Amino acid sequence: MSATLPGRLCLTFDDGPDPEWTPRLLDLLAEAGAPATFFVIGRATRAQAPLLRRAIAEGHAVGNHGWSHRHPWLLGRRAACDEVIAGARAIADATGRPARHYRPAHGRVRRCMTEAAAGQGQALQLWSLSAIDWGPLGSAAGIARRLARAGAGDVILMHDGRPGPNRPAELLRALPGFLSGLRARGLVAATLP
């Protein structure tokens, strides 16, 4: 499915899989019948491969978010490319299939990394709307307000990764209302094409 089809939007989740928060999110998405795309960190993928296999079995897609989430602009060229390639390998090893999309850590694009992703068969995918479910603005009320702005064609950035800057508990408080209201707004959740 494509977010560009009428009425469709894409839910995306970065920084997982997390052993506590990703299963909760998968349960919520299953209850709502809402497929999503998970941009996972390779290092976490190695430890949580069953969560990725569960996500795929439940109709979700998995994308590459690099090996360790290091900021792309702070890496040398070779290390930056290795981030992409190692993340891609971890996903393929865990799921038995390659990722089709790549999202750079912190949304910071570097040509060498997008070229490395393309070499792995992955297209660059950023977002059009952020829930800002991290940091001091990551309250459930604020997340809900931002999600209410979503419309057809949007690719929405959210996070299922470990707490710290991410605020997964706040996201999980805001998300059920958003998901339950999609149909009334003429919207349907979809994975990235």
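As shown above, the structure is provided for reference.
What comes next concerns the included structure. (Residues numbered from 1 in each chain as written. Predicted model: local features only at pLDDT ≥ 70, side-chain atom pairs only at ≥ 80, totals over all residues. Heavy atoms only, no water.)

### A look at the overall build of the protein
Reasoning step 1: Helix and strand counts for the protein come out as seven helices and eight strands.
Reasoning step 2: The C-alpha atoms of the protein give a radius of gyration of 15 Å, which matches the 16 Å a tight globule of 193 residues would have.
Reasoning step 3: Seen through its principal axes, the protein has C-alpha atoms that stretch 45 × 35 × 30 Å.
Reasoning step 4: Of all 193 residues assigned to the protein, the portion counted as buried reaches 55%.
Reasoning step 5: Counted over contacts in the protein with a minimum sequence separation of 6, partners at least 24 positions apart contribute 76%.
Reasoning step 6: In the protein, 24 positive and 15 negative side-chain charges are present, and the distance between their average locations comes to 5 Å. (Helix = DSSP H or I, 4+ residues; strand = E, 2+ residues; numbered from the N terminus. Rg over C-alpha atoms; globule rule 2.2 N^0.38 Å. Buried < 20%, exposed > 50% of the residue type's maximum accessible area, 1.4 Å probe, protein only. Contact = heavy atoms within 4.5 Å. Lys, Arg positive; Asp, Glu negative; His and termini not counted. Charge placed at Lys NZ, Arg CZ, Asp CG, Glu CD.)

### Notes on helix α3 (residues 49-57)
Reasoning step 1: Regarding α3, the residues found buried are A49, L51, L52, A55 and I56. Viewed end-on, α3 has its buried residues packed into an arc of 160 degrees, placing them on one side of the element. Opposite the packed face of α3, turned more than 90 degrees from it, sit the exposed residues P50 and A57.
Reasoning step 2: Among the structural elements, α1 (21-32), β2 (37-40), α2 (42-47), β3 (61-64) and α4 (77-95) are those in contact with the buried residues of α3.
Reasoning step 3: G59 lies just past α3 and shows a positive phi near 95 degrees. (Arc of directions from axis to C-beta.)

### Overview of unusual backbone geometry
Reasoning step 1: Each neighbour pair has its own omega, and for G16 with P17 the value is 0 degrees, a cis peptide bond.
Reasoning step 2: Within the secondary structure, P17 sits in the loop between β1 (8-16) and α1.
Reasoning step 3: Here H69, not a glycine, exhibits a phi torsion of approximately 70 degrees, which is positive.
Reasoning step 4: Assignment of secondary structure puts H69 in the loop between β3 and α4.

### Quick word on the pattern of salt bridges
Reasoning step 1: Considering all chains together, one arrives at eight salt bridges under this definition.
Reasoning step 2: Between D27 and R54 there is a salt bridge, with its nearest N and O atoms 2.4 Å apart. Here the residue D27 occupies a position in helix α1, and R54 occupies one in helix α3, the gap between them amounting to 27 residues.
Reasoning step 3: Salt-bridge contacts for R111 lead to E115; the nearest nitrogen and oxygen are separated by 3.0 Å. Of this pair, R111 and E115 both sit in helix α5 (residues 111-119), four residues apart, which is roughly one turn of that helix. (Salt bridge = Lys/Arg side-chain N within 4 Å of Asp/Glu carboxyl O.)

### Quick word on the environment of R97
Reasoning step 1: Locating R97 in the fold gives a position in the loop between α4 and β4 (101-102).
Reasoning step 2: When its relative accessible area of 48% is taken as the criterion, R97 is described as partly exposed.
Reasoning step 3: Spatially, the C-alpha atom of R97 lies 30 Å from that of R167, the residues being 70 residues apart in sequence.
Reasoning step 4: Those residues in contact with R97 that lie beyond four places of it in its chain are I56, I91 and A92.

### Let's talk about the environment of L126
Reasoning step 1: Along the chain, the position of L126 falls in the loop between β5 (123-124) and β6 (129-130).
Reasoning step 2: Each C-alpha atom, one on L126 and one on L157, is 8.3 Å from the other, the two residues being 31 residues apart in sequence.
Reasoning step 3: Here L126 is in contact with R103, P104, G107, V109 and V155, once residues within four sequence places are set aside.

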